[in-house]
Amino acid sequence: MKIEINPMEKASLVTEVIRNRRTIFADAYTAEEVSQELLEKLLTDATWAPTHKRTEPWQFVVLKGNHPAKFGAYMAEFYKDYILEKRYNSLKQYCKNATLIAIIMKRDERARIPEWEELAAVSCAVQNLWLSCAAHGLGGYWETCDAAMQYVEQFTREGERSMGVFMLGHYEPATTKAVSRRRPLEEKLRWDFGDESTD
Ligand SMILES: Cc1cc2nc3c(=O)[nH]c(=O)nc-3n(C[C@H](O)[C@H](O)[C@H](O)COP(=O)(O)O)c2cc1C
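Conventions used here
Residues numbered from 1 in each chain as written. Predicted model: local features only at pLDDT ≥ 70, side-chain atom pairs only at ≥ 80, totals over all residues. Heavy atoms only, no water. Helix = DSSP H or I, 4+ residues; strand = E, 2+ residues; numbered from the N terminus. Buried < 20%, exposed > 50% of the residue type's maximum accessible area, 1.4 Å probe, protein only. Polar contact = N/O pair within 3.5 Å; in protein donor to acceptor, adjacent residues only side chain to side chain. Contact = heavy atoms within 4.5 Å. Near = heavy atom within 4 Å. Areas by Shrake-Rupley, 256 points an atom, 1.4 Å probe, with all protein chains shown as cover. Nonpolar A, V, L, I, M, F, W, Y, C, P; charged D, E, K, R; others polar. Expected span 1.5 Å × (residues − 1).

Caption draft 1: Examining the side chain of His 170 more closely. When you line up the elements, His 170 lands in strand E4 (residues 160–170). Given the relative accessible area of 17%, His 170 is considered buried. A distance of 3.4 Å separates a polar side-chain atom of His 170 from the backbone oxygen of Glu 33. Excluding its chain neighbours within four sequence positions, the residues that come into contact with His 170 are Ala 28, Tyr 29, Thr 30, Glu 32, Glu 33, Val 34 and Leu 138.

Caption draft 2: Broad picture of the site of the ligand. Inspection of the region around the ligand gives Arg 21, Arg 22, Thr 23, Phe 25, Tyr 141, Trp 142, Glu 143, Thr 144, Cys 145, Ser 180 and Arg 182 as its neighbouring residues. In this structure, an oxygen atom belonging to the ligand sits 2.8 Å away from a side-chain N or O atom of Arg 22. With respect to the ligand, the side chain of Ser 180 contributes an N or O atom lying 2.9 Å from an oxygen atom. In isolation the ligand exposes 610 Å². Once the protein is present, 59% of that is buried. When the residues that make up the shell around the ligand are grouped by side-chain class, the tally is four nonpolar, three polar and four charged.

Caption draft 3: Helix H5 (residues 115–135), seen in detail. Helix length check: H5, at 21 residues, gives a terminal C-alpha distance of 30 Å against a target of 30 Å (1.5 Å per residue), a fit within 8%. Residues of H5 that are buried include every one of Glu 118, Leu 119, Ala 121, Val 122, Ala 125, Val 126, Leu 129, Trp 130, Leu 131, Ser 132 and Cys 133, and no others. Buried residues along H5 sit against helix H1 (7–20), helix H2 (36–47), strand E1 (58–63), strand E2 (99–106), strand E3 (138–143) and E4. Count one or two residues on from H5 and you reach Gly 137, which has phi positive near 75 degrees.

Here is the structure:
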């Protein structure tokens, strides 16, 4: 898909989507269904992430049917000893409206590149997915708690590794609190000019 758009406008749009993407938690999602067509579009965007040696090391499993209820109950049971009853009950309901996608890393069969590069590539794919959700006005959220990591293990095959659950859904931006912040770039940025005296 190629849309003609002037370069300045394109850059502004990308920046807008990147900076305004937010973590929208599953309890904010409405009951409105995310269509299969849209889901496939979002996941196709995910697959346009870069990969070393084009290994495309991702597998996605869309968890339909009773999975949202099952996963909520699983999380509630998983953390039962550490949480109050109120939290236990809300966790069971937590993702009832969410579309759940199990995120799985499938290692290159010949292990041509280090595992960390495959994990990095899948993370790039998740970011694509998340940005595409944001651009479509959907909420999204990557859940990597121990319960999520373990829940996804039932879907992994040989040579694959769980990377948690991505949840997404429609939500009402006007009534959903989604604030985030970033520390100033100066705290993260260094410049290095080598040893200029040797030039
Ligand atoms: C690899 C990764 C794993 C994450 N896992 C969780 C998680 O398990 N629980 C959670 O509340 N947020 C999780 N997040 C989302 C972060 O909490 C969130 O990105 C952060 O609070 C900043 O908010 P923002 O995404 O709106 O900028 C994860 C994000 C990443 C990149």
